Amino acid sequence: MTVSTIIRDCLDTLLHPSARYDALISARHRAFIAPRLFGSLAALAAFPVYLAIHGAPAGLEVAAFAWLIAPILLSYFLSRTGRYESANILSALAMAGLIMAVAINTGGIESFAAIWLVVIPLEAALSASRRVVAFASALALGCAAALIALNHFEALPVSQASASHGTMMAIGIASALLYACGLAYGTESLARTSVALLYDEEDRYRLLARNMSDVISRHARNGAVLFVSPAAEPLLGVPVSRLLGHGLFDRVHVADRPAFLTALSDAGRGGEARSVEFRIRRDVPRGDRGRCNTADFIWLEMRCRPLEPSAKNATSEAEVVAVMRDVTDRKEQEQALELARAAAERADASRSHFLATMSHELRTPLNAIIGFSEMIVQEDVLMISAARRKEYAQLINDSGQHLLSVVNGILDMSKMESGKFEILPEPFAPRPALLNCCNLLALKARENEVDLVTRAPENLPQLTGDPRAFKQIVLNLVSNAIKFTERGGTVTVSAAVEGARLALRVSDTGVGIGADDLKRIGEAFFQASKSYHRRHEGTGLGLSIVKSLVALHGGEMSVESKLDEGTTVTVMLPLAFTRPQDKTNIAVLSPAPQMAAQNESQPQDRQVKKSA
């Protein structure tokens, strides 16, 4: 352990607690205490030597040595109170008092002690306080003016100096010069300490700025970037220099620019922190574009607050400091949660609707079966005739057939959703199958007083597919069209070849479907008719089954509809069946574009039924 370390440790024990945790303040306190403490102790130690050499001292000499106790008292004052400026002011007063006492008794302004008045403001400069320096300068000038006045008016006492004037002047100049050199060394030491602390602080901030993932930026109120941390380069994929000025603003998504500027302006004007989330363009390396096409824009969260102006820039325009963080993953999670919530709500609504539909579809025929069968069992009591008994048996059969169709529809839909519904493709003629289906539904159309018209040319080529599935497609589409067409309306079924596909269109003049419900057409158990105040039976599986069967054939289904004008469902089936490569058997239905114009050469119309 060196002597300097021991001295430093001793001085640290004298520091006030308020100065121990700041390196620069503790250095200033040590620089104040050390020269005064050791100088005073050295002067007091030299006093006996002085007495041995010069003998009994004069009164002035005793007063001068006694005054050297004042620096020790000042060091004690600073050590106990920590009031650095007050200690410097008292030190200037003590030195000025000693100089004036010596100078008045040794020739006034011509005294060897007068040169020490220059040391007073120099010593005050170590305090780094403008107020202390101003006080010390005024005190030194005042003392000099007082000595000049005393010399001018010859009000000085008789000089008590025993040595020659030249010798004493040399001693005064040399001692003042040595003390000034000590002050210069102390000033340089404090400056070196201040610069070292500044470099250390800059290194800490530079370390934080380079290694933290968040981007720190400094903005003017108009959004111009004055500074941005190096973390912006890996985040946005561009050099920091390209983000200065309005480079960052130009990369903000156009829709988010008003919110971006508003947050900066409010923070600079209102004096409160602001937060905003916005999208910003990120340059993606060419090698990564093929893997991630949606990474051109990322989400950033920016928290900004006003930057406190410094004293020299108190009148300048308010600036804003901001911290930006990548929140793309959080936004994607929020979107995923929102989609999951919407899906859960739809699933819950579908479940409720399914239960309501199934309870009606199952309860009605079961009630009929139970009721009419009980009446047949009690035919002796009720005296039911043979004709009435036959009618009841027919109603029971019809109810059973209806239950069977409901169960078959649910089972078919379950098989399609699970991928276990297999189709058996084979060549067949689509025109006879189409006419057969229309003939089966002609009675239902007649009962509803709806015109059912088919347009199927006789030269339709053979279609490779599942005939049973084709008939189910036609039956579901035509029965839906008849069910939702008012009395006196028309349902038109047409088939034509368009390229390498068979185009099957079923049009009606019914109630139509709204734009919102049109997006959901094809979902299982969905019934748009509930929105149009119609009371129609059905499970809502018809179009869903059609969509799945068309997808299994590699075809497409589109729906066009307008409220109160009618609906057109178009099914495009390939003439040559090719099993889809996708593992799923469920097609995705999207609203179809405008239907192409009908072929100018109309095939021969076949009128199935025309109501009166």
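Located above this text is the structure these notes cover.
Keep in mind that this is a model prediction, so the values were computed, not measured.

## Let's talk about the pattern of salt bridges
Phase 1: According to the stated counting rule, one finds 21 salt bridges in the structure shown.
Phase 2: The salt bridge involving Arg-269 is made with Asp-266; its shortest N-O contact spans 2.8 Å. In this pair, Arg-269 and Asp-266 are both assigned in helix H11 (residues 257-270), 3 residues apart and thus about one turn of the helix distant.
Phase 3: With a relative accessible area of 53%, Arg-269 lands in the exposed category.
Phase 4: We note a salt bridge from Glu-334 to Lys-331, for which the minimum N-O separation is 3.7 Å. Remark: Lys-331 and Glu-334 occur in helix H13 (residues 328-377); sequence separation between them is 3 residues, near one turn of the helix.
Phase 5: Residues participating in the shared-partner salt-bridge network are Glu-277, Arg-330, Lys-331 and Glu-334.

## Quick look at the nonpolar core
Phase 1: Counting residues in hydrophobic clusters, the biggest one holds 40 residues, and the most contacted among them are Leu-434, Leu-452, Phe-470, Leu-477, Val-478, Val-493 and Leu-504.
Phase 2: Every element with two or more residues in this core is listed here: helix H16 (430-440), helix H18 (467-483), strand S9 (490-498), strand S10 (501-508), helix H20 (542-552), strand S11 (556-562) and strand S12 (566-574).
Phase 3: When residues no more than four places from it in sequence are discounted, the contact partners of Val-478 are Leu-441, Leu-452, Val-493 and Val-506.
Phase 4: Counting 28 residues, the second-largest nonpolar core is a separate cluster that includes Ala-92, Leu-117, Ala-124 and Ala-140.

## Observations concerning helix H2 (residues 23-54)
Phase 1: Over its 32 residues, H2 runs 45 Å from end to end, which matches the ideal 46 Å to within 8%, given 1.5 Å per residue.
Phase 2: Of all the bends found along H2, the most pronounced is centred on Phe-47 and spans about 30°, while Pro-48, a proline, follows it within four residues.
Phase 3: Along H2, the residues classified as buried are Leu-24, Ser-26, Ala-27, His-29, Arg-30, Phe-32, Ile-33, Ala-34, Arg-36, Leu-37, Ser-40 and Ala-43.
Phase 4: Of the residues that open H2, the one with a side-chain oxygen 3.1 Å from the backbone nitrogen of Leu-24 is Asp-22.

## Comments concerning the side chain of Ser-26
Phase 1: By secondary structure assignment, the location of Ser-26 is in helix H2.
Phase 2: A distance of 2.8 Å separates the side chain of Ser-26 from the backbone oxygen of Ala-23, its partner in a polar contact.
Phase 3: Not counting chain neighbours up to four residues away, the residues in contact with Ser-26 comprise Leu-15 and Ala-19.

How each quantity is defined
Residues numbered from 1 in each chain as written. Predicted model: local features only at pLDDT ≥ 70, side-chain atom pairs only at ≥ 80, totals over all residues. Heavy atoms only, no water. Salt bridge = Lys/Arg side-chain N within 4 Å of Asp/Glu carboxyl O. Helix = DSSP H or I, 4+ residues; strand = E, 2+ residues; numbered from the N terminus. Buried < 20%, exposed > 50% of the residue type's maximum accessible area, 1.4 Å probe, protein only. Core = buried A, V, L, I, M, F, W, Y, C linked by side-chain atoms within 4.5 Å. Contact = heavy atoms within 4.5 Å. Expected span 1.5 Å × (residues − 1). Bend = angle between axes of the 7 residues up to and from the residue. Polar contact = N/O pair within 3.5 Å; in protein donor to acceptor, adjacent residues only side chain to side chain.

The values reported here are purely geometric and, on their own, carry no functional implication.
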